[in-house]
Structure formats: structure tokens, C-alpha cells
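# Working through the structure, step by step
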Amino acid sequence: MNSISTFLSDAVNFIWGPPLLILLLGGGFFLLVYSRFLPFRYLVHAVNILRGKYDNPDDPGEISHFEALSGALAATIGMGNISGVALAIAAGGPGAMFWMWVSAFIGMATKFFTCTLAVQFRGKDSIGELQGGPMYVIREAMGKKWMPLAGFFCVAGFFGATPVFQTNQMVAVFKNVVLLPAGVQDSFSVNLTIGIVIAVLVAIVILGGIKRIGNVASKLVPFMVVLFVISVLTIMITNLGEVIPSLVFIIEDAFTAKAVLGGAVGAVIVEGAKRAAFSNEAGIGMAPLMHGAAKTKEPVREGLVAMLGPAIDTIIVCTMTGLCILITGVWNSGEADGIVMTAKAFELGLPNFGPYVLMVCVMVFAITTIFGLAYYGQKCLSFLIGAKYGKYFYYWYIALVLVGSVASLTDVVNLVFVAYGLMAVPTMISTIILAPKVMAATKKYFTEIYKS
């Protein structure tokens, strides 16, 4: 087990080196400038699309714009926003939050391009159903010589679409908030029992397919965001005097890295970029798999909806979690488990009932994330071995829920980072190459369709 842990740790350090950061952040910045900051000029229009103003049930696709964004957010607004932010601050200091913001700002442009492409170049799977995602974009728009890149994405996606982190943290918060205070001793059997319950719930939803996942996500995501935001706002209001100093501290530490890393600013940037990728996955390629299923004839519309994801996910939700951890002072407590650290912040900020509120948020955040990731993994396997056999991914996935309930947190996090880093390579390369096609479609949309 030690050798596996060492291998995963070394793999993360190698993959998340300067080349990948240049590809993700540099590539995203190129797309932002190339689009002439378009994502920020049409935010109101994006919201109107999301509200259903342009929905047509006869359009090709399986789910509405709102369900597509909810499904994508369900797979990203999760433990990366609660536990992941805490882990980022513990590992990289408060300054990591600033680089998460930068990554999210750039990521809005990346999401616009990747998700526009996912609809623009939808392709049929082996049983003739319309699908979207980086592998179909590569196949349909770039030709056979690029097919190894599509296969590479799907192999990485098979391992990246894993529920182990979410399950691990669900088990941790339930034990710390409910079981341990009640005198129940921590044990392998307790962890596994919780894992079995989660696995049953997951099976009921994911075996129903994308329509059931989208339907459940569209109902749970708004609820979980509102509950979490109200809770954190309450903590911020009761500690109002600490909010501005905490924001200043984040910006200062982003350029000094003195809080945790002793001046290693580069390490803070890496930590922030990694956590932002885990939080909103802009440039990783998972969200286009969900957005590619949206009911629309206009690819640009789905791109505009998708770009709202990083704004909601990282700039709003992650910031609120980070401020909650900073203003309560638990960030430098030495706690290594992200969800336990966040639970302590809620306990201090909302005495008596805070941990229970967090537990509800965590359970909903995590379970909806698990639903979305299941769909992603199934699409990757379907592309590799045929849609007729892709459904078998769900059984592998349900088994991984049990693995996550008893696995080491460090190994689980490192496995996800390795897979995410590998997925980003084909996604960003194909997106940058095909960026002119997105801009051509965008120009046509805003001159011929949007104004008509």
C-alpha cells in the first residue's frame, strides 16, 4: 500500500507540473482573449437561456439547458467546494484561494468553448444515439488521425469519473457529526455499512439513466446551493469584522505564500489551479459530456449556459467555504481531513446545529456529484467498447462507492488528480485547435439568431 501511495503522489507532482498549468491556465487565457471576453458580455443572455426562454422540446438532445447545467453542477459543486477548499488552504495556505479565483475566471471562457464544441460536433454512438463530449468532438471535427487522443481521454475519464472521494468524505462527516458523538466506535465495518447504504441510493438513481440523473439533479442542486449559502452567510454576518481582513489575507498570501509554504508562491499557484480544476473542472472535459446532451440546435447557447458553472461553483461557493474556514480560525488548526476542518468551522460559526447543517449539505452535495460522475464514466466506457456495453460501468462504479468508504483520503485525492490532469491534455489541445470554429459559430449566432 505504501508503494501505491508513493506512486500516486509522485504521479500528481509530475502531471501537475508547469506544462499542464501552461496548457490549462495559459490555454484558458488565450481563449478568454480570443473570445474578446465574450463570456462576460452576455451574462444576462446566458441567464435567460438558463431560465428556459429559448427552450424547444423538439430540439435534438435529451435534457433541458437547466437540467444540463444542474447535472454538470451536480458533478462539480460537491466535495471539491467543501472539503477540497479546506484541503487547498491546509496545503497551500489562504493564498491558494486567490489562484482558484483566477482559474475560475479563465475557466469561464474555457467552459464556453468546450461546451459549445460538445453540441456543435455531437456524434452518434455505436447504437445510433446522439452524444456529446471531447471524444466525439475529436472524432467528428478532427478526423481519424486524432482518434488516439479521443481514446486517451476516455481511458483517463474512466478512472477520473470515480465516486471514491465523495463517498470517503460522506462517511467521514456522518461519523464525526452523528456516530462518534453518540459513542459509536470507528471501525472498518461501520465505514463499510455506511458505504453500502450510499451504494444502494446511487444504484436507484444512476441505473435510471441520464434523464433520471438530470431530473434529480435539477431538484437537488438549487436546494443544496441555497442551504449552504444561507448557512455560510450567517457565519459571515456574525463574524462581519473578519470578512474584509480575510479577503485581504487571501490576496497577500497569494503573492507571498508565507502562511504555509514559506514563500513558495509557485506551489500556491499549483495548489490553487489543482483545486479549481477539481472544483469546476474547466478544461478537464467532463462538463461537456453533460452539456452535450442538452436539447438545443444552437451550440453557442449551451456554451453560454455552461460558462456560468465556474462562476457559481468556484467564485461563489468555494469563496464562501474559504471565508468560513478563515474567519473562524480553523484553517491553521493542523487538521488534515478537509471535511473535518470545515465541520469545525461550522461548529464554531453556528454553535450546536452547525455540524448538522453541514452534514445535510455534504450529503446532498456529494450524492449529486456521484450521480453526475456516473454518467460521465459510462459515456467514456461506451465510446471505448460500444454503447451496448457501456451500462456495465455502473456496476463497477457502484463497487467503487464501497471502496471509497474504506479507502485512504490521500490516495483517493491523488488518484482523482492524476486522472483529471490526464483528461485535460486532449480536452485543451482539441479546444485550442478548434477555437476558430467556435468563434465562427458565435459570430453567426449573435448576428443572425440572437438579434432576430
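What follows covers helix α13 (residues 240-256). Residue pairs spaced three or four apart in an α-helix point in one direction, given the helix's 3.6 residues per turn. Along its 17 residues, α13 runs 25 Å from first to last C-alpha, staying within 8% of the 24 Å computed at 1.5 Å per residue. Every buried residue of α13 is listed here: V243, S246, I250, D253 and A254. One side of α13 carries all its buried residues, which in axial view fall inside an arc of 105°. Exposed positions of α13 whose direction lies more than 90 degrees from the buried face are G241 and I244. A positive phi of about 55° marks A257, the residue just after α13.

For the structure on display, the rule yields 2 salt bridges. A salt bridge links R139 to E140; the nearest nitrogen and oxygen atoms lie 2.8 Å apart. According to the relative accessible area criterion, R139 is partly exposed, its value standing at 28%. Look at E140 and you get partly exposed, because its relative accessible area is 39%.

This next bit is on a nonpolar patch on the surface. Together, V155, F159, L207, L384, I385, Y389, Y392, Y395 and W396 line one region of the surface with nonpolar side chains, adding up to about 900 Å² of accessible area. For L207, a relative accessible area of 44% gives the class partly exposed.

Let's shift gears to the environment of I244. Within the secondary structure layout, I244 lies in helix α13. Under the relative-accessibility criterion, I244 is labelled exposed at 55%. In this structure the C-alpha to C-alpha distance between I244 and I327, which are 83 residues apart in sequence, comes to 9.6 Å.

Turning our attention to unusual backbone geometry. Of note, the phi angle at R36 is positive, near 55°, even though the residue is not glycine. Topologically, R36 is positioned in the loop between α2 (18-34) and α3 (38-41).

This paragraph deals with the packing of aromatic side chains. Summed over all chains, the structure comprises 18 aromatic pairs. Between F112 and F113 the ring centres are 5.6 Å apart and the planes differ by 90°, which places this aromatic pair in the edge-to-face class. With a centroid separation of 6.0 Å and 25° between ring planes, the pair formed by F228 and F346 is classed as stacked. In this pair, F228 sits in helix α12 (residues 210-238) while F346 sits in helix α18 (residues 338-349), placing the two residues 118 residues apart along the sequence.

Conventions used here
- Residues numbered from 1 in each chain as written.
- Predicted model: local features only at pLDDT ≥ 70, side-chain atom pairs only at ≥ 80, totals over all residues.
- Heavy atoms only, no water.
- Helix = DSSP H or I, 4+ residues; strand = E, 2+ residues; numbered from the N terminus.
- Expected span 1.5 Å × (residues − 1).
- Buried < 20%, exposed > 50% of the residue type's maximum accessible area, 1.4 Å probe, protein only.
- Arc of directions from axis to C-beta.
- Salt bridge = Lys/Arg side-chain N within 4 Å of Asp/Glu carboxyl O.
- Patch = residues over 30% accessible without salt bridge, like charges linked within 9 Å, V, L, I, M, F, W, Y side chains within 5 Å.
- Areas by Shrake-Rupley, 256 points an atom, 1.4 Å probe, with all protein chains shown as cover.
- Phe/Tyr/Trp six-rings, centres within 6.5 Å; stacked < 30°, edge-to-face > 60°.

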